[in-house]
Amino acid sequence: MREETEAFEPKADVAEVTKQDKTEERAAPGRKPKMLTRDVSVFYGEKQALKDVSIEIYDDLVTAFIGPSGCGKSTFLRCLNRMNDTIPSARVTGTIELDGEDVNASAMDVVQLRARVGMVFQKPNPFPKSIFENVAYGPRIHGLASGKPELEQIVEKSLKRAGLWEEVKDRLQESGTALSGGQQQRLCIARAIAVDPEVILMDEPCSALDPIATAKIEELIHELRGRYAIAIVTHNMQQAARVSQRTAFFHLGELVEYGKTSEIFTNPKRQRTTDYITGRYG
Ligand SMILES: Nc1ncnc2c1ncn2[C@@H]1O[C@H](COP(=O)(O)OP(=O)(O)OP(=O)(O)O)[C@@H](O)[C@H]1O
């Protein structure tokens, strides 16, 4: 049954979300999702952390996952490229598809999957290697470059796309860990881009960054949209409103509501969504 919603004052900027409506028209109705999940549940040992989540993620669109702490956003994000495989107690059920392929099939090459569905974490985690090596590592192990000149081109292109090239082009041999937090996060985005992904997953990519570095990452997300399907977990509703065209609201392991960001923030259909976006909890 549809829940009634009360009048509310959304915390996010309505002008921002209605602006998003115009950019969202590129997603033609009826086309195939890049990724889809059906009835995905996740258990950590006996404890169920996610319940029957069904969702679609499209090319050209940024999908934001929002909800209070512990509701399962990161758990769900990690299902999309099988990062939960690395947690021994985690068990995933249901269907997850990438371009119609079963992500959890035993024939799926997980290393290949994680190149196609790249991930950027909350805390920037560059390798303790040079800036160049951080970006070159993936293309090298995936055999994407036939020689050094091609590898150099990939590194340059990836750093340019990540908006970092101008800041680092003269010091590519310096350590990636010597960069500022915001630069390190853009380096991690360049590293994901370098292996030519189709989907980029971002788990609270700005939560360790200051407002200026955050604004740069948000700008970058705008620029990357159109090349990659992007899914982002964020605690910040203003950020979800600014960067996404689709929003999924999770609560207590359930996907409560999923739809256009503009509708979720201005006309939510479920009371629980209303309560969250008006700041009544979370
Ligand atoms: N490795 C793990 N082992 C056991 N339980 C876990 C593990 N990771 C997450 N959980 C539990 O699963 C539930 C969902 O956690 P998850 O981190 O996905 O939520 P979240 O919405 O991303 O939270 P936050 O916003 O605080 O990061 C929580 O109850 C959490 O304690």
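If you're wondering where the values come from, they're calculated on a predicted model, not measured in any experiment.

Caption draft 1: Highlighting the pairing of strand E7 (residues 199-203). Burial within E7 is extensive, with five of its five residues counted as buried. Taking every second residue as pointing to the same face, both faces of E7 are buried, with Val-199, Leu-201 and Asp-203 on one and Ile-200 and Met-202 on the other. As judged from the four bridges shared by strand E6 (residues 117-120) and E7, these two strands associate in the parallel manner. Bridging across to E7, Met-119 finds its partner in Leu-201.

Caption draft 2: Up close: the pairing of strand E8 (residues 229-233). Across the five residues that make up E8, a large majority, five, are buried. Going residue by residue along E8, you find Ala-229, Ala-231 and Val-233 tucked away on one face and Ile-230 and Ile-232 tucked away on the opposite face as well. As paired elements, strand E3 (residues 62-66) and E8 share four bridges and run parallel to each other. When the bridges of E8 are listed, Phe-65 appears paired with Val-233. Inspection of the sheet shows E7 paired to E8 by five bridges, in the parallel sense. In the sheet register, Leu-201 faces E8, and the bridge partner there is Ala-231. In this fold, E7 hands off to helix H8 (residues 211-224), which returns the chain to E8; that crossover is right-handed.

Caption draft 3: Highlighting the packing of aromatic side chains. For the structure shown, the criterion picks out five aromatic pairs. Centroid distance Phe-249 to Tyr-276: 5.1 Å. Interplanar angle 25°. Geometry classified as stacked. On the criterion of sequence distance, the pair formed by Phe-249 in strand E9 (residues 246-251) and Tyr-276 in helix H11 (residues 271-277) is long-range, its members being 27 residues apart. Pairwise contacts between aromatic rings join Phe-65, Phe-76 and Phe-250 into one cluster.

Caption draft 4: Spotlight on helix H4 (residues 131-141). Among the residues making up H4, those that are buried are Ile-131, Phe-132, Asn-134, Val-135, Ala-136, Gly-138 and Pro-139. Of the surrounding elements, those touching the buried residues of H4 are helix H5 (148-161), helix H6 (165-168) and helix H7 (181-193).

Caption draft 5: Representation of unusual backbone geometry in the model. Positive phi, close to 50°, is recorded for Asp-39, a residue that is not glycine. Mapped onto the fold, Asp-39 is located in strand E1 (residues 35-44). Here Asp-39 falls in the partly exposed class, since its relative accessible area comes to 46%. With a phi angle near 75°, Asp-60 is a residue other than glycine that sits in the positive phi range.

Caption draft 6: Representation of the confidence of the model for the protein within the structure. Put simply, the protein has an average pLDDT of 90, and 89% of its residues get 70 or more. Contacts for the low-pLDDT stretch residues 1-8, under 50 throughout, to residues beyond four places or in other chains number 22 contacts.

Caption draft 7: Representation of the side chain of Glu-56 within the structure. Secondary-structure assignment places Glu-56 in strand E2 (residues 47-57). Engagement of the side chain of Glu-56 in a polar contact is seen with the side chain of Arg-38, the distance being 2.9 Å. Leaving out residues up to four positions away in the same chain, Glu-56 has contacts with Pro-33, Met-35, Leu-36, Arg-38 and Tyr-258.

Caption draft 8: Summary view of the nonpolar core. Ranked by internal contacts, the top residues of the largest apolar core, which has 45 residues, are Leu-159, Ile-189, Met-202 and Ile-221. When neighbours within four sequence positions are excluded, Met-202 is seen to be in contact with Leu-77, Val-120, Ile-189, Ile-221, Ile-230, Ala-231, Ile-232 and Val-233. Counting residues in each nonpolar core, the second largest holds 29 residues, with Met-35, Ile-55, Phe-76 and Cys-79 among its members.

Scoring rules and cut-offs
- Residues numbered from 1 in each chain as written.
- Predicted model: local features only at pLDDT ≥ 70, side-chain atom pairs only at ≥ 80, totals over all residues.
- Heavy atoms only, no water.
- Buried < 20%, exposed > 50% of the residue type's maximum accessible area, 1.4 Å probe, protein only.
- Helix = DSSP H or I, 4+ residues; strand = E, 2+ residues; numbered from the N terminus.
- Pairing = 2+ DSSP bridges.
- Right-handed = clockwise from strand over helix to strand, strands pointing away.
- Phe/Tyr/Trp six-rings, centres within 6.5 Å; stacked < 30°, edge-to-face > 60°.
- Contact = heavy atoms within 4.5 Å.
- pLDDT = per-residue confidence, 0-100.
- Polar contact = N/O pair within 3.5 Å; in protein donor to acceptor, adjacent residues only side chain to side chain.
- Core = buried A, V, L, I, M, F, W, Y, C linked by side-chain atoms within 4.5 Å.

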